[in-house]
Every structure is written in structure tokens, then in C-alpha cells.
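Here is how the chains run, residue by residue.
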Amino acid sequence: MNYNQVYGSHSTASGIWLKNNSYKSPNENIFSSNILETYKNKVLQDLLRMNIENKIQKMSVLDIGSGRHSLAFEMLGAKKIDLYDISKSNFNRFKSYKQNNDTIINNFQHDICSSKFKNIKKKYDLIYLDGVVQHTKNPKKAINNLVTKLNYNGIIWFYFYNLGSPVNIYLNIVKQIISK
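Structure report, in brief. (Residues numbered from 1 in each chain as written. Predicted model: local features only at pLDDT ≥ 70, side-chain atom pairs only at ≥ 80, totals over all residues. Heavy atoms only, no water.)

Quick look at the pairing of strand β3 (residues 106-109) now. Pairing of strand β2 (residues 80-85) with β3, which is carried by four bridges, proceeds in the parallel orientation. Following the sheet pairing, leucine 83 is matched in β3 by asparagine 107. (Pairing = 2+ DSSP bridges. Helix = DSSP H or I, 4+ residues; strand = E, 2+ residues; numbered from the N terminus.)

Here you go:
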């Protein structure tokens, strides 16, 4: 299995705020209206934190991930949306969604750490990564590549979460303390 192909094939990615029964099976429609409504609310909260909720209609957005955030941006009226994901499964899932639904979202499969991605000559007003950058092979390279995609006065939004459960985090801290 290629690096990071677990996402999309074996994980439905973000959505920690969703009820546990939102995904009843691996074949669940991750683009259902009730799930997309929760993503819309989440993205709107983030836009409010950035103080750009009234500007999104004039903004071009680069979203990294499965496509649900992109659909939320579309629901909120973003001018242009490009979706990138390293996962072939996520890419194909969204491609299939596009064939059956009217959307302005452009869908691409790229590794944001790659030179191929860095060489793409597009610029964006908002680059949105919700729980993504910590999963890249090289977060520093990913961020450096993304910065080259920003328009003047553009914004990059990062949301990080801790990997693992609090128990594992505390155990790691204890191990570090004891080893010193």
C-alpha cells in the first residue's frame, strides 16, 4: 500500500464531531445531506474565527481532504474551490460524486509535499487544512509548498489534533520523564 492510501480506503477521515452512528458501514455515503450540514457548520465556525465569513463569496479556496469541507465551502458560496487529496480512494470517491451532482469543485490527486504540486501555477485566497498537515510525510515541506499557492494577503487555516488517545500521550510523557 502506498504512503497515506489508508485514508479513503480504510478511514473516512475527519468528522470527529459527528455521532458515532453517522458511519454505519465502510460503504456509507460520506456526502449525505445530514453529514454535509455538519461540515457546513464546522467550516462556518472556522470562517467566523478568521473573520472572513462575509468575504468567502469573493474567495478562491484550496481545500485538502476528502471533499466534504469543499462541499461546505460551496454551500457557503465560495467563488472557486479546488480540492486536493493524496488518496486515490478519496479522489475517485469525489470524482464519482461529481458525475452525479452539479458542483463547481475541481478535484485533483496530488501529494502536497511533492515538487509536482509545488510547480502548479495556481494561487488562492484561502488554503484550508482541517486535521491534515500532521499526516503528511513532511509537514515543513507541505507548508512551504502551500505558501507558494497563496495570493497576496491570503490565509492558510490549519487545524491540528493530537494523534492517539490521551492515555498514550501521557504514557509517552512519563517515558520521557523517566528516561531523563
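Having seen the model, we can carry on.
Our next topic: the side chain of aspartate 46. Turning to its location among the elements, aspartate 46 is positioned in helix α2 (residues 33-50). Side chain to side chain, aspartate 46 and tyrosine 128 meet in a polar contact 2.4 Å long. Non-local contacts of aspartate 46, meaning those with residues more than four positions away in its chain, are made with Tyr128, Asp130 and Trp157. (Polar contact = N/O pair within 3.5 Å; in protein donor to acceptor, adjacent residues only side chain to side chain. Contact = heavy atoms within 4.5 Å.)

This paragraph deals with the nonpolar core. Core analysis: the largest hydrophobic core is formed by 25 residues, its most contacted members being Leu47, Ile56, Phe73 and Leu126. Breaking this core down by element, the ones donating at least two residues are α2, α3 (68-75), β2, α4 (88-100) and β4 (124-130). It is α2 that provides the largest number of residues to this core, a total of six residues. Discounting residues that sit within four places of it in the chain, phenylalanine 73 has contacts with Val43, Leu47, Ile56, Val61, Ala78, Ile81, Leu126 and Tyr128. (Core = buried A, V, L, I, M, F, W, Y, C linked by side-chain atoms within 4.5 Å. Buried < 20%, exposed > 50% of the residue type's maximum accessible area, 1.4 Å probe, protein only.)

With that out of the way, let us pick up the pairing of β4. Most of β4 sits out of view: seven of its seven residues are buried. Note that strand β1 (residues 60-64) and β4 share four bridges and pair parallel. Bridge pairing in β4 links aspartate 63 to tyrosine 128. In terms of strand pairing, β4 meets strand β5 (residues 150-159) through six bridges, oriented parallel.

End to end, α2 covers 25 Å across 18 residues, agreeing with the expected 26 Å (1.5 Å per residue, within 8%). Along α2, the residues classified as buried are Ile35, Leu36, Tyr39, Lys42, Val43, Asp46, Leu47 and Met50. The buried residues of α2 occupy an angular sector of 140 degrees when the element is viewed end-on, so they sit on one face. Among the exposed residues of α2, those pointing more than 90 degrees away from its buried face are Ser33 and Asn34. Buried residues belonging to α2 abut α3, β4 and β5. (Expected span 1.5 Å × (residues − 1). Arc of directions from axis to C-beta.)

Here the focus is the sheet that holds β1. Ordered by their spatial adjacency, five strands build an open sheet running β3-β2-β1-β4-β5, and the pairing between neighbours is parallel. Both outer strands of the open sheet, β3 and β5, are each paired with one neighbouring strand and no more. Going across the sheet, the axis of each strand differs from the next one's by a mean of 20 degrees, ignoring polarity. On the sheet, α2 packs against β4 and β5 and is oriented at approximately 125 degrees with respect to β4. Docked against the sheet, α4 engages β2 and β3, running at close to 160 degrees with respect to β3. (Axes fitted to C-alpha atoms, helices over the stretch in contact; angles between N-to-C directions.)

Turning our attention to the environment of isoleucine 104. With respect to the secondary-structure elements, isoleucine 104 resides in the loop between α4 and β3. Given a relative accessible area of 41%, isoleucine 104 falls into the partly exposed group. Along the backbone, isoleucine 104 and glutamate 74 are 30 residues apart, and their C-alpha atoms lie at a distance of 7.4 Å. The residues touching isoleucine 104, leaving out its near neighbours within four places in the chain, are Glu74, Ala78, Lys79, Lys80 and Ile81.

This brings us to unusual backbone geometry. The backbone of asparagine 51 shows a phi angle near 60 degrees, a positive value even though the residue is not glycine. Within the secondary structure, asparagine 51 is located in the loop between α2 and β1. Within the chain, asparagine 153 stands out as a residue other than glycine whose phi angle is a positive 65 degrees. Mapped onto the fold, asparagine 153 is located in strand β5.

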